[in-house]
Amino acid sequence: MARALALVCTLSPSPKRSSSHLLADQIMAELAGLGVQGETVRVVDHDVRPGVAQDMGEGDAWPELRRKVLAADIVLVSTPIWLGHPSSVCQRVLERLNADISETDDEGRQLTYGKVGLAAVVGNEDGAHKVSADLFQGLNDLGFTLAPGAVSYWVGEAQHGTDYQDLDGTPEAVAATTHTLAVNAAHLARALAENPYPSVS
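Description of unusual backbone geometry
- Residues serine 14 and proline 15 are joined by a peptide bond in cis, for which omega reads 10°.
- On the secondary structure map, proline 15 appears in the loop between β1 (3–8) and α1 (19–33).
- Non-glycine residue leucine 83 carries a positive phi angle of around 55°.
- Its location among the elements puts leucine 83 in the loop between β3 (74–82) and β4 (85–86).

Next comes the structure, spelled out in structure tokens:
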């Protein structure tokens, strides 16, 4: 059975409500309906230290999250938009993932080869394409494979304060995009499991 991990990069610790967490949960529910087992982690609830090492010392929570990443077939990074950029928590996740960029398996492949990368983005103004582009480039550099339509997002009108979590329901376009994302990601994860990338060593 394929496994998915959602890394929610909201700035709000639990139990505060979070639009990033809500959209991640909706994506994970779609994946579950396709037979993908999942776990969601709100990163800010854990002491993930700044740096680009696998382990930043006593108390650093990243080594356990890294273990979960390496055990997953699909990794979803969900972030809000702040000042036109992914959240600082999201950037920290990418930086910590960067510690493994030179690590390879016995076939010379990055440890994340064969893993599917996904993005979820929420905000109150335009910028979802820019933020998803940032995530796509980072995830691809780190060895993840992107399925077609690898992001689901929602942005409200500029200068308005409405959050995704405060909508009366999920907009039809977001629901359809989320479903397509899940279908493509589950298919790609299974295809990569059956046909791994070739040796590069």
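Observations concerning the state of the cysteines
- In the structure shown here, the tally under the stated rule is zero disulfides.
- Cysteine 9 forms no disulfide, and the closest cysteine sulfur to it belongs to cysteine 90, at a distance of 4.5 Å.
- Take cysteine 90: its relative accessible area is 0%, and that puts it in the buried class.

What to know about the pattern of salt bridges
- One pass over the full model with this rule turns up nine salt bridges.
- For aspartate 47, the salt bridge is made with arginine 49, and the minimal N-O distance between the two is 2.9 Å.
- Residue classification places arginine 49 among the partly exposed positions, given a relative accessible area of 24%.
- The shortest N-O distance in the salt bridge between glutamate 64 and lysine 68 comes to 4.0 Å. You can see glutamate 64 and its partner lysine 68 sitting in helix α2 (residues 62–71), four residues apart, about one turn around the helix.

Digging into a nonpolar patch on the surface
- A contiguous nonpolar surface patch, about 390 Å² in accessible area, is contributed by Leu11, Trp82 and Leu83.
- By the element assignment, tryptophan 82 lies in strand β3.

Focus: the packing of α1 against helix α5 (residues 172–194)
- Contact geometry of α1 with α5 gives a least axis separation of 9 Å together with a crossing angle of 50°. Taken as axis vectors, α1 and α5 run oblique relative to one another. The hand of the α1/α5 crossing is right-handed. Touching Leu23, Gln26, Ile27, Glu30 and Leu31 of α1 are Val174, Thr178, His179, Leu181, Ala182, Ala185 and Ala186, all from α5.
- Of the residues contributing to the contact of α1 with α5, the split by class is eight nonpolar, three polar and one charged.

Thoughts on helix α3 (residues 88–97)
- Listing the buried residues of α3 in full gives Val89, Cys90, Val93, Leu94, Arg96 and Leu97. Here the buried residues of α3 occupy an arc of 165° about the axis, which is enough to place them on one side.
- Here the buried face of α3 lies against β1, α2, β3, β4 and α4 (128–141).

Some points on the environment of glycine 33
- Checked against the element boundaries, glycine 33 lands in helix α1.
- Between the C-alpha atom of glycine 33 and that of aspartate 163, which follows or precedes it by 130 residues, the distance is 26 Å.

Concerning the environment of glutamate 30
- Examined against the element boundaries, glutamate 30 turns out to sit in helix α1.
- In sequence terms glutamate 30 and alanine 71 are 41 residues apart; their C-alpha atoms lie 20 Å from each other.
- The contacts of glutamate 30, once residues within four sequence positions are left out, are Thr178, His179 and Ala182.
- One polar contact links glutamate 30 to histidine 179, side chain to side chain, over a distance of 3.0 Å.

Some words on the pairing of strand β5 (residues 116–123)
- Most of β5 is tucked away, with eight of its eight residues classed as buried.
- Residue alternation in β5 divides its side chains into two sets, Val116, Leu118, Ala120 and Val122 and Gly117, Ala119, Val121 and Gly123, and both sets are buried.
- Summarising the sheet, β3 and β5 pair through seven bridges and their orientation is parallel. Paired with proline 80 across the bridge in β5 is valine 122.
- As paired elements, β5 and strand β6 (residues 145–155) share seven bridges and run parallel to each other. Its bridge partner lying in β6, glycine 123 is registered against valine 155.
- In this view, the connection linking β5 to its parallel neighbour β6 by way of α4 has right-handed handedness.

Thresholds, definitions, all that
- Residues numbered from 1 in each chain as written.
- Predicted model: local features only at pLDDT ≥ 70, side-chain atom pairs only at ≥ 80, totals over all residues.
- Heavy atoms only, no water.
- Helix = DSSP H or I, 4+ residues; strand = E, 2+ residues; numbered from the N terminus.
- Disulfide = S-S within 2.5 Å.
- Buried < 20%, exposed > 50% of the residue type's maximum accessible area, 1.4 Å probe, protein only.
- Salt bridge = Lys/Arg side-chain N within 4 Å of Asp/Glu carboxyl O.
- Patch = residues over 30% accessible without salt bridge, like charges linked within 9 Å, V, L, I, M, F, W, Y side chains within 5 Å.
- Areas by Shrake-Rupley, 256 points an atom, 1.4 Å probe, with all protein chains shown as cover.
- Axes fitted to C-alpha atoms, helices over the stretch in contact; angles between N-to-C directions.
- Parallel < 35°, antiparallel > 145°, perpendicular 65-115°, else oblique.
- Left-handed = near helix turned anticlockwise from the far one by under 90°.
- Contact = heavy atoms within 4.5 Å.
- Nonpolar A, V, L, I, M, F, W, Y, C, P; charged D, E, K, R; others polar.
- Arc of directions from axis to C-beta.
- Polar contact = N/O pair within 3.5 Å; in protein donor to acceptor, adjacent residues only side chain to side chain.
- Pairing = 2+ DSSP bridges.
- Right-handed = clockwise from strand over helix to strand, strands pointing away.

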